[in-house]
Amino acid sequence: ALPPCQKPVLILQGDKDGTVDWRYNLDLLSEKFPRGRVKRIPGARHELFNESMEYRPLVLQSVTTCLEP
C-alpha cells in the first residue's frame, strides 16, 4: 500500500529461482522501485550469495558496480 520509492536500487534475480514467482515479483518491484535497476543472473536460483562459484563472481561484481560512486 506504500507509494513507489524513488531511490535507485539494485534488484538481483536468478532466472532459475524456484522459491518465489520471480517474474511476478520483478513486475511488482519495477512498480514499487521505478528507478530500480534489474540484473538477472542466468541460471542462478534463489540464494544468490550462496550459489555455486559459477554465479558468485557475477553477483558480487553487480553489487560492487552498483555501490561505486
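Computed from a predicted structure; not experimentally measured.

Engineer: In this structure, what is going on with the overall build of the protein? I would like to understand it.
Structural biologist: What the protein contains, in helices and strands, is two helices and two strands. Helices (α) and strands (β) of the protein occur, in sequence order from the N terminus, as β-α-β-α. Referenced to the eigenvectors of the C-alpha coordinate spread, the extents of the protein come out at roughly 35 × 35 × 15 Å. Considering the protein as a whole, with its 69 residues, one finds that 19% of them fall into the buried category. Contacts spanning at least 24 positions in sequence make up 65% of the contacts within the protein whose residues lie at least 6 apart. When the accessible surface of the protein is split by element, carbon and sulfur atoms take 56% of a total near 5,200 Å². Across the protein, the mean location of the 10 positive side-chain charges is 5 Å away from that of the 9 negative side-chain charges.

Engineer: Hey, could you run me through the pairing of strand 2 (residues 37–41) in this one?
Structural biologist: Successive side chains on a regular strand alternate, one facing one side of the sheet and the next facing the other. Alignment of strand 1 (residues 10–14) against strand 2, held across five bridges, turns out to be parallel. Residue pairing in the sheet places Gly14 in a bridge with Ile41 of strand 2. Read from strand 1 through helix 1 (residues 22–32) to strand 2, the crossover connection turns out right-handed.

Engineer: Where do I start with the side chain of Asp17 in this structure?
Structural biologist: The residue Asp17 is located in the loop between strand 1 and helix 1 in this model. Within the buried core, Asp17 has no salt-bridge partner, and the shortest N-O distance to an opposite charge, that of Arg45, equals 8.2 Å. Among the polar contacts made by the side chain of Asp17, one reaches the side chain of Gln13 at a distance of 3.0 Å. Setting aside residues up to four positions removed in sequence, Asp17 forms contacts with Trp22, Ala44, Arg45 and His46.

Engineer: What's the story with the pattern of salt bridges in this structure? I'm lost.
Structural biologist: Pairing between side chains of opposite charge can happen when their charged atoms approach one another. Counted according to the given criterion, the structure contains one salt bridge. Measuring nitrogen to oxygen at the nearest pair gives 3.7 Å for the salt bridge that ties Glu51 to Arg45.

Rules behind the numbers
Residues numbered from 1 in each chain as written. Predicted model: local features only at pLDDT ≥ 70, side-chain atom pairs only at ≥ 80, totals over all residues. Heavy atoms only, no water. Helix = DSSP H or I, 4+ residues; strand = E, 2+ residues; numbered from the N terminus. Buried < 20%, exposed > 50% of the residue type's maximum accessible area, 1.4 Å probe, protein only. Contact = heavy atoms within 4.5 Å. Areas by Shrake-Rupley, 256 points an atom, 1.4 Å probe, with all protein chains shown as cover. Lys, Arg positive; Asp, Glu negative; His and termini not counted. Charge placed at Lys NZ, Arg CZ, Asp CG, Glu CD. Pairing = 2+ DSSP bridges. Right-handed = clockwise from strand over helix to strand, strands pointing away. Salt bridge = Lys/Arg side-chain N within 4 Å of Asp/Glu carboxyl O. Polar contact = N/O pair within 3.5 Å; in protein donor to acceptor, adjacent residues only side chain to side chain.

By themselves, these observations are geometric and do not establish any function.
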